[in-house]
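# Coordinates in review
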Amino acid sequence: IKSRRIMPYKVILSISINHHVYCALVDINDYFPAYRHILKGFNMHSPTILVTGGAGYIGSHTCIELLNAGFYVLVIDNLQNSSEESLKRVADITGKSVTFIKGDVRDKELMKEIFSENKIAATIHFAGLKAVGESCAMPLEYYDNNINSTLVLCQAMEKAGSKNLVFSSSATVYGDPETLPLTENMPLSATNPYGRSKLIIEEMLRDLPESDKLKKTDNPWSVALLRYFNPVGAHESGSIGEDPSDIPNNLMPFITQTAVGRRTELSIFGSDYDTVDGTGVRDYIHVVDLARGHLKAVQKLLSKESIEGVQAYNLGTGNGISVLEMVKAFAEVNNVKVPYKLVERRPGDVAACYADATRAKMELDWEAGMSLDDMVRDSWNWQ
Ligand code: NAD
Ligand code: WQD
């Protein structure tokens, strides 16, 4: 028995004694391999979505949306930046459990096994490394993890004929934007190894439908590249969220840690940008809205009007918020103090970046619904 082979099936066992019927809902795993195959034959469960990196920040919120929509969720995560606790909390929130496999997406044998033992309707690929500064210090780790994991995953998907993919891309692929708001067909570039890894993966994925054309396959790739802007916030329960162990790189965790007293003050990087108040402007998006965007993308991939080949979608609100506006909203809504000082610009930062998310609205029927107040309230609630 291999302990990692936990299969996502449940069965009702019933027994009748003296005209009383006793029932139990039992998880089927490798202790009951025979049942597993019988159930597979009956196709008794809803579509299974494989979520790589599902124990992480955006992945765990997406698991909630998938479970609530009735999907079966299979997570693979090596837990290098998360813990299994987040998935237990996902189960508490939804009343439904996720099947968890602890493993690395770069493990070819494991990925082959996952795809041969499960009928995966679609895969969401979150797993990867994401810190810009760290990627400059250790580019090879970033190329290895981000690119190799996608390569191994796509090979396993192709072999299994399971070719519906949602990929976690980033607004960072737009580099230093020339015009705003950003639409999906604007020029792409990278300013650091993290961004370059996302760009390379996007390009790699664009080659797949081309190969389908040559092969004249009747089971082509359908890929949604979701370009996230600046995810913030947490589930309203306050039980899952982002918890950086080091000094935070991003604005929101720095604000919450300052408000709670773990940091003495926030440094605001730059006050002389050509923006509303001189501080940097970004398109902050509530992580629950982002998670719902993934659900919509999966539903699109599984619908009759699926994506033909590869399509990129901006997931943002379309609203630019400055650092000072964010700090003020946080302090007011939560009635807390956020001491700050204005300092030099951070190297590599752009003045402003925000999305035109019209394509996601038109094609995925998705738009961000949560407000700035929701973002700052839920971030604080989680902290
Ligand atoms: P996260 O670190 O919280 O989640 C990533 C998860 O992947 C973690 O649980 C980690 O343990 C796991 N993981 C990493 N490498 C793995 C591997 N090789 N095999 C298996 N598991 C692995 O990060 P997140 O914020 O949830 O980001 C998810 C994805 O979204 C990433 O690809 C990231 O680049 C992308 N993204 C994030 C942001 C952001 O600001 N958070 C913005 C744009 C894009
Ligand atoms: C936001 C604004 C800072 C911290 C990064 C990645 C990007 C994406 C999201 C993954 C800027 C200012 C910040 C602080 C500050 N991640 N700031 N003091 O730089 O837009 O994007 O995260 O794909 O790839 O580059 O986000 O949260 O770091 O900064 O003044 O202590 O807050 O200057 O204007 P950024 P951020």
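Above this text sits the structure in question.
Residues numbered from 1 in each chain as written. Chains lettered and ligands numbered in written order. Predicted model: local features only at pLDDT ≥ 70, side-chain atom pairs only at ≥ 80, totals over all residues. Heavy atoms only, no water.

## Quick word on the pattern of salt bridges
For the structure on display, the rule yields 19 salt bridges. Lys-130 is the salt-bridge partner of Glu-242, the closest N and O atoms lying 2.7 Å from each other. Of this pair, Glu-242 sits in the loop between strand 9 (230–232) and helix 8 (251–259) while Lys-130 is found in the loop between strand 6 (120–125) and helix 5 (132–137), placing the two residues 112 residues apart along the sequence. On the basis of relative accessibility, which here comes to 22%, the residue Glu-242 falls in the partly exposed class. Taken together, the shared-partner salt bridges in this structure form one network comprising Asp-104, Arg-106 and Asp-144. (Salt bridge = Lys/Arg side-chain N within 4 Å of Asp/Glu carboxyl O. Helix = DSSP H or I, 4+ residues; strand = E, 2+ residues; numbered from the N terminus. Buried < 20%, exposed > 50% of the residue type's maximum accessible area, 1.4 Å probe, protein only.)

## Comments concerning helix 7 (residues 193–215)
Every α-helical turn comprises 3.6 residues, leaving residues that sit three or four positions apart pointing alike. An ideal rise of 1.5 Å per residue puts 33 Å on 23 residues; helix 7 measures up with 33 Å between its terminal C-alpha atoms. Of the positions making up helix 7, those classed as buried are Pro-193, Tyr-194, Gly-195, Ser-197, Lys-198, Leu-199, Ile-201, Glu-202, Leu-205, Leu-208, Pro-209 and Asp-212. Contacts made by the buried residues of helix 7 are with helix 5, helix 6 (139–160), strand 7 (164–170), strand 8 (222–228) and strand 13 (309–315). Regarding helix 7, its N-cap is Asn-192, as a side-chain oxygen of that residue lies 3.2 Å from the backbone nitrogen of Tyr-194 further along. One or two steps after helix 7, the chain reaches Lys-216, where phi turns positive at roughly 50 degrees. (Expected span 1.5 Å × (residues − 1). Contact = heavy atoms within 4.5 Å. Polar contact = N/O pair within 3.5 Å; in protein donor to acceptor, adjacent residues only side chain to side chain.)

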